[in-house]
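# Survey of secondary and tertiary structure
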Amino acid sequence: MIEKLNLLQQHALAALGDVDGLAALDEWRSQTLGRKGELSSLMRGMGKVPAEERPAVGQAANEVKATLEAAYETRRLSLAEAAQREALQRDAVDVTLPGRAAEVGRLHPETQTLREIYAAFADLGFQVYRSRDVELDEYNFQLLNFPLHHPARDMQDSFYVASPEGTEGDVLLRTHTSPGQVHAMREVVAQAKADGLGDNELPPVRIVLPGMCYRNEQITARSEIQFLQVEGLAVGKKITMADLKGTLHYFVRRLFGPQRKLRFRTSYFPFTEPSAEVDMDCILCEGSGCRLCKYTGWLEILGCGMVHPTVLRNGGYDPDIYSGFAFGMGPERITMLKYGIQDIRYFWSNDLRFLEQF
Ligand code: DAH
């Protein structure tokens with residue numbers, strides 16, 4: 001029996017040496033020391049041992065049990081330690097590695113340009129006025145002195161929209177921000193009248209009107225079917241062309257530098273009289289002629305003029321008492337000049353490689 005006990009111990013210790021993990025160790029324990037394990041089943045043969053040998057066998061059995069339990073405990077500790085070491089190594093952080101940069105969003109280049117425009121005009125007392133993208137033909141054209149069937153409409157190919165029930169007249173996506181002029185004037189006049197003010201006491205208007213415009217045009221590097229405009233409108237008593245020129249000089253020098261020169265060329269718009277197109281001296285060559293200005297020394301940046309008496313009247317202002325100026329510009333064009341961007345299609349095609357540069 002003692003022989004068997006010694007053998008059992010030898011085998012068990014050898015098996016313990018092969019145990020390679022905590023799960024296998026548990027298995028080893030129940031096979032060796034468990035209630036149905038090898039030691040227990042060997043001890044069940046105790047009955048056949050002669051009575052005088054029993055104390056010695058019992059003592060030997062206890063020693064084997066103690067040895068195996070101690071061996072088990074030692075093995076368990078070393079396996080647990082190894083497991084922990086491995087886990088620490090697996091999850092180790094190399095603090096010398098460079099950090100991963102967090103993705104940071106940024107403002108769209110047009111948002112940045114719009115904010116610069118608002119800020120420049122805000123300093124001159126202009127407020128931002130927003131007007132609808134979907135317009136009536138009446139506001140987009142007729143009230144702005146484009147007569148029905150007038151060829152000037154061909155300057156702006158329109159996207160027409162199915163008229164909602166109850167609307168009279170054609171509905172279209174605005175082709176410019178100018179219809180906002182009439183909405184704004186009518187709103188101010190209606191409020192003034194509600195406050196009991198007379199035709200001679202109307203408050204002045206000084207606003208910029210930003211917004212998307214839509215034209216059914218061939219898409220090219222220079223023209224999109226969807227683009228921004230910023231309109232400006234000032235209405236009051238004794239407003240003259242000199243006020244318009246001063247305002248635009250201030251604006252252009254704020255955005256493009258204090259040394260900029262402006263040139264006013266006579267032009268035609270139905271809603272202004274007189275009308276002008278405004279050029280600034282080329283920001284690249286300062287007027288000596290280069291590819292950007294097509295060797296003219298000048299870059300066209302906006303259209304403007306004195307508000308046509310018919311438009312003032314349509315807005316509710318008596319043109320014998322009030323006058324005003326208006327202007328309209330394309331923020332995409334301004335951004336393209338500022339950053340030397342060659343293709344207007346980049347702005348609204350959502351290519352991150354473009355947008356991330358601003
Ligand atoms: N509405 C014109 C266009 O889309 C731009 C413009 C020109 C607006 C002259 C104005 C202006 O207010 O006075 O081409």
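Bear in mind that the values here come from a model prediction, so they are computed numbers and not experimental data.

## What to know about the domain arrangement of the chain
Here the domain parsing of the chain yields domain 1 (2-90) and domain 2 (109-355). Here the C-alpha centroids of domain 1 and domain 2 sit 93 Å apart.

## Quick look at the pattern of salt bridges
For the structure shown, the criterion picks out 13 salt bridges. One salt bridge in this structure joins R76 and E73, with 2.9 Å as the shortest N-O distance. Separated by three residues within a single helix, R76 and E73 lie in helix 4 (residues 54-90), roughly one turn from each other. Taking the relative accessible area as the measure of exposure, R76 reaches 30% and is therefore partly exposed. Judged by its relative accessible area of 33%, E73 falls in the partly exposed class. Residues joined by salt bridges that share partners form a network here, namely R263, R265, E277, D279 and E300.

## Quick look at the pairing of strand 10 (residues 323-329)
Across the seven residues that make up strand 10, a large majority, six, are buried. Across seven bridges, strand 6 (residues 226-236) lies against strand 10 in antiparallel orientation. Within strand 10, the position partnered with E231 by the bridge is G328. Strand direction decides the pairing type here: strand 9 (residues 298-307) and strand 10, joined by five bridges, are antiparallel. Pairing of G303 across the sheet is with G328, part of strand 10.

## Re helix 8 (residues 241-256)
Under the 1.5 Å per step criterion, the end-to-end length of helix 8 is 22 Å for 16 residues, consistent within 8% with the ideal 22 Å. Along helix 8, the residues that are buried comprise L244, T247, L248, F251, V252, L255 and F256. Down the axis of helix 8, the sector holding all buried residues measures 130°, keeping them to one side. Looking at the buried residues of helix 8, the elements they touch are helix 5 (109-122), strand 7 (262-269), strand 8 (272-281), strand 9, strand 10 and helix 10 (331-339). Of the residues flanking the start of helix 8, the one acting as N-cap is T240, its side-chain oxygen 3.2 Å from the backbone nitrogen of A242. Immediately beyond the C-terminal end of helix 8, within one or two residues, lies G257, with a positive phi of roughly 110°.

## Details of the packing of helix 5 against helix 8
The interhelical angle for the contact between helix 5 and helix 8, taken along N-to-C directions, is 135°, at an axis separation of 10 Å. Taken together, the axis directions place helix 5 and helix 8 in an arrangement best described as oblique. When you trace helix 5 past helix 8, the crossing you get is right-handed. Between helix 5 and helix 8, the residues in contact are E116, I117, A119, A120 and F121 and T247, Y250, F251, R254 and L255, respectively.

## Structural notes on the pairing of strand 5 (residues 205-214)
Most of strand 5 sits out of view: nine of its ten residues are buried. Pairing geometry for strand 1 (residues 127-128) and strand 5, over two bridges, is parallel. Directly across from Q127, in strand 5, lies its bridge partner I207. Bridge count for strand 5 against strand 6 is ten bridges, and the pairing is antiparallel. Counterpart to V205 in the pairing with strand 6 is V235.

## Focus on the packing of aromatic side chains
According to the stated counting rule, one finds 13 aromatic pairs in the structure shown. With 5.8 Å between their ring centres and 25° between their planes, F269 and F271 make a pair best called stacked. With a centroid separation of 5.0 Å and an interplanar angle of 80°, the aromatic rings of Y317 and Y322 are classed as edge-to-face. Residue classification places Y322 among the buried positions, given a relative accessible area of 2%. Three or more aromatic residues joined by ring pairs form one cluster here, namely F121, F126, F251, F325 and F327. Its end group placed over the ring of F264, K245 keeps NZ or CZ at 5.2 Å from the ring centre. Seen from the ring of F256, K338 lies directly overhead, with NZ or CZ sitting 5.8 Å from the centre.

## Thoughts on the nonpolar core
Counting residues in each nonpolar core, the largest one holds 37 residues, and the members touching the most others are F251, F327 and M329. Counting only elements with at least two residues in this core, the list comes to helix 5, strand 5, strand 6, helix 8, strand 8, strand 9, strand 10 and helix 10. Sorting elements by how many residues they give to this core places helix 8 first, with six residues. Apart from residues lying up to four places away in sequence, F327 is in contact with F121, V208, V230, E231, G232, L244, L248, L302, G303 and C304.

Cut-offs applied
- Residues numbered from 1 in each chain as written.
- Predicted model: local features only at pLDDT ≥ 70, side-chain atom pairs only at ≥ 80, totals over all residues.
- Heavy atoms only, no water.
- Domains from an automatic or database assignment.
- Salt bridge = Lys/Arg side-chain N within 4 Å of Asp/Glu carboxyl O.
- Helix = DSSP H or I, 4+ residues; strand = E, 2+ residues; numbered from the N terminus.
- Buried < 20%, exposed > 50% of the residue type's maximum accessible area, 1.4 Å probe, protein only.
- Pairing = 2+ DSSP bridges.
- Expected span 1.5 Å × (residues − 1).
- Arc of directions from axis to C-beta.
- Contact = heavy atoms within 4.5 Å.
- Polar contact = N/O pair within 3.5 Å; in protein donor to acceptor, adjacent residues only side chain to side chain.
- Axes fitted to C-alpha atoms, helices over the stretch in contact; angles between N-to-C directions.
- Parallel < 35°, antiparallel > 145°, perpendicular 65-115°, else oblique.
- Left-handed = near helix turned anticlockwise from the far one by under 90°.
- Phe/Tyr/Trp six-rings, centres within 6.5 Å; stacked < 30°, edge-to-face > 60°.
- Lys NZ or Arg CZ within 6 Å of the ring centre and 35° of its normal.
- Core = buried A, V, L, I, M, F, W, Y, C linked by side-chain atoms within 4.5 Å.

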